[in-house]
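Chain by chain, the residues:
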Amino acid sequence: MKKHYLMTPGPTPVPEEIRNEMAKPMIHHRTKEYQAIFKDATEGLKKIFKTSGDIFTFTSSGTGAMEASIVNVLSPGDKIIVVRGGKFGERFGDIAKAYGVEVIPIDVEWGDVPKPEIIKETLNKNPDVKGVYTTLCETSTATVYDIKAIGGIVRQTNALFVVDVISGLGADKFENDAWGVDIAVCGSQKGLMIPPGLAFCSVSQKAWRAVEESKLPKFYFNFKKYKKSYLETDTPFTSAITLVIGLKKAVETINAKGVDNTIAEHENMARAFREACKALGLNIFSKHPSSAVTAVNAPAGISADDIIKLLKTEFGVTFAGGQDTLKGKIFRGAHMGGIDTEHTIESIKALEQALARLGYKFKAASGIDTAKKILGG
Ligand SMILES: *Cc1c(COP(=O)(O)O)cnc(C)c1O
């Protein structure tokens, strides 16, 4: 069978040893056996988030955790600041509006980052703001934000600091507690190397105080229910048992290697990918590239979508395209989760062949040589 390389920023390849764990016979969740697995997975996840607070696991895609981070701590008419520099920042704003929360947007040019001073000014002008909602890696533009600097500002106010780390966790540096993050939201299908279907929220002490005051409607995603169940047994509703078994294996794998070492590996793959593209004469879209995913500008006269299609049909490499105004202009290759050195090198090799086929001129093998030099392949 021809090999396929899934290079999209979620879902990402699931390593064989994790797939094998998930293929074992079904067990029931209200058992000591499952509860031990669930606790191990959750405690292991805390090491990856770098938090000593709570982490709750929901059966949903990542967006469910985004919604949870709004409905559990806010009330109708509350004001929040939302950084909108791409699709996912915009989504936080859309969810908030759907619940009658007033959004004060900080609009950032796609591919750029929010300046911490602007967050500070906006907070000063709006002292009644209940939260600042932003993103670690804005996946749609492959841009990493300075969460540490923003956290240093928000922690001096009464506002909560809520960060979407869905694509960044495990590839971009992240420290939940040290950076003053009150709620970090994540999903299973990116850096955590398991299939889609689980979502996570970390919850700080400051966030718990907001939970007590929150009046927005909530049922399935109610943090209080998850806290009670976690202390007593497992989850308030049926756990996605198979995915949690996979999660336990995945967090063990990451923690055995060390979170920092894991991130360093992905940083290196991202650098190899970026430098290889530059060697081919291509430009990187983002001004502050993430290590989770890279967005590359298609060369003049060639549609990014044609590159993606050719890579998929002829070379078995799946890249992602651009969203909204970036459609046809960029292609994105990821570096997170189960994406490894082989994926990185093979995808660059295929990219060279696809570009040549589309009539783009470059120095043959310059991309692959650059990638191999960095990755030692
Ligand atoms: C993938 C992603 C999401 C959305 O997650 P779903 O699992 O599709 O709901 C949200 N935010 C970011 C930054 C993402 O990369």
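On a predicted model such as this, the values are computed, not experimentally measured, just so you know. (Residues numbered from 1 in each chain as written. Predicted model: local features only at pLDDT ≥ 70, side-chain atom pairs only at ≥ 80, totals over all residues. Heavy atoms only, no water.)

Another aspect to go through is the domain arrangement of the protein. When the domains of the protein are assigned, the result is domain 1 (5-10 + 259-375) and domain 2 (16-257). With centres defined by C-alpha atoms, the gap from domain 1 to domain 2 works out at 28 Å. Every contact between the two is made by 29 residues of domain 1 and, on the other side, 30 residues of domain 2. For the pair domain 1 and domain 2, the interface holds six salt bridges. Two residues, Asp 260 and Lys 50, come together in a salt bridge whose shortest N-O distance is 2.7 Å. On inspection of domain 1 and its partner domain 2, the count reaches 13 residue pairs in polar contact (both at pLDDT 80 or more). Going through the elements one at a time, α10 (259-279), β11 (293-297) and β14 (330-334) are the ones with two or more residues in the side of domain 1 that touches domain 2. A total of eight residues in the side of domain 1 that touches domain 2 trace back to one element, the largest contributor, which is α10. Residues of the side of domain 1 that touches domain 2, tallied by class, amount to eleven nonpolar, twelve polar and six charged. (Domains from an automatic or database assignment. Contact = heavy atoms within 4.5 Å. Salt bridge = Lys/Arg side-chain N within 4 Å of Asp/Glu carboxyl O. Polar contact = N/O pair within 3.5 Å; in protein donor to acceptor, adjacent residues only side chain to side chain. Helix = DSSP H or I, 4+ residues; strand = E, 2+ residues; numbered from the N terminus. Nonpolar A, V, L, I, M, F, W, Y, C, P; charged D, E, K, R; others polar.)

Taken as a whole and judged by the stated rule, the model has 21 salt bridges. Glu 252 is the partner of Lys 248 in a salt bridge, and the nearest nitrogen-oxygen pair spans 3.0 Å. Here Lys 248 and its partner Glu 252 are both found in helix α9 (residues 241-257), four residues apart, which amounts to about one turn of the helix. Under the relative-accessibility criterion, Lys 248 is labelled partly exposed at 21%. Between Arg 357 and Glu 314 there is a salt bridge, with its nearest N and O atoms 3.6 Å apart. Taken as a pair, Arg 357 in helix α12 (residues 341-357) and Glu 314 in helix α11 (residues 304-315) lie far apart in primary sequence, 43 residues in all. Residue Glu 314 is classed as partly exposed on the basis of its relative accessible area, which comes to 40%. Here the salt bridges do not stand alone but share partners, grouping Glu 109, Asp 112 and Lys 287 into one network. (Buried < 20%, exposed > 50% of the residue type's maximum accessible area, 1.4 Å probe, protein only.)

Taken together, 14 residues surround the ligand, and among them Ser 61, Thr 63, Thr 139, Asp 164 and Lys 190 come closest. Within the contact set of the ligand, an oxygen atom lies 2.8 Å away from a backbone nitrogen or oxygen of Gly 62. Protein coverage of the free-state accessible area of the ligand, which is 390 Å², stands at 89%. Those elements giving two or more residues to the shell around the ligand turn out to be α3 (62-71) and α4 (87-98). At three residues, the largest contribution of residues to the shell around the ligand is made by α3. Among the residues forming the shell around the ligand, the class breakdown is four nonpolar, seven polar and three charged. (Near = heavy atom within 4 Å. Areas by Shrake-Rupley, 256 points an atom, 1.4 Å probe, with all protein chains shown as cover.)

Attention shifts here to α10. Helix length check: α10, at 21 residues, gives a terminal C-alpha distance of 30 Å against a target of 30 Å (1.5 Å per residue), a fit within 8%. Tucked inside the fold, the buried residues of α10 contact α2 (32-49), α9, β11, β14, α12 and α13 (366-375). Downstream of α10 by a residue or two, Gly 281 has a phi angle that is positive, lying close to 90°. (Expected span 1.5 Å × (residues − 1).)

Let's shift gears to the sheet that holds strand β13 (residues 320-321). If you walk across this open sheet you meet the three strands as β11-β14-β13, and the pairing is antiparallel. With one partner strand each, in any of the chains shown, β11 and β13 form the two edges of the open sheet. As judged from the five bridges shared by β11 and β14, these two strands associate in the antiparallel manner. Counterpart to Asn 297 in the pairing with β14 is Ile 330. The strands touched by α11 are β13 and β14; relative to β14, the strand with the most contacts, the crossing angle is about 45°. (Pairing = 2+ DSSP bridges. Axes fitted to C-alpha atoms, helices over the stretch in contact; angles between N-to-C directions.)

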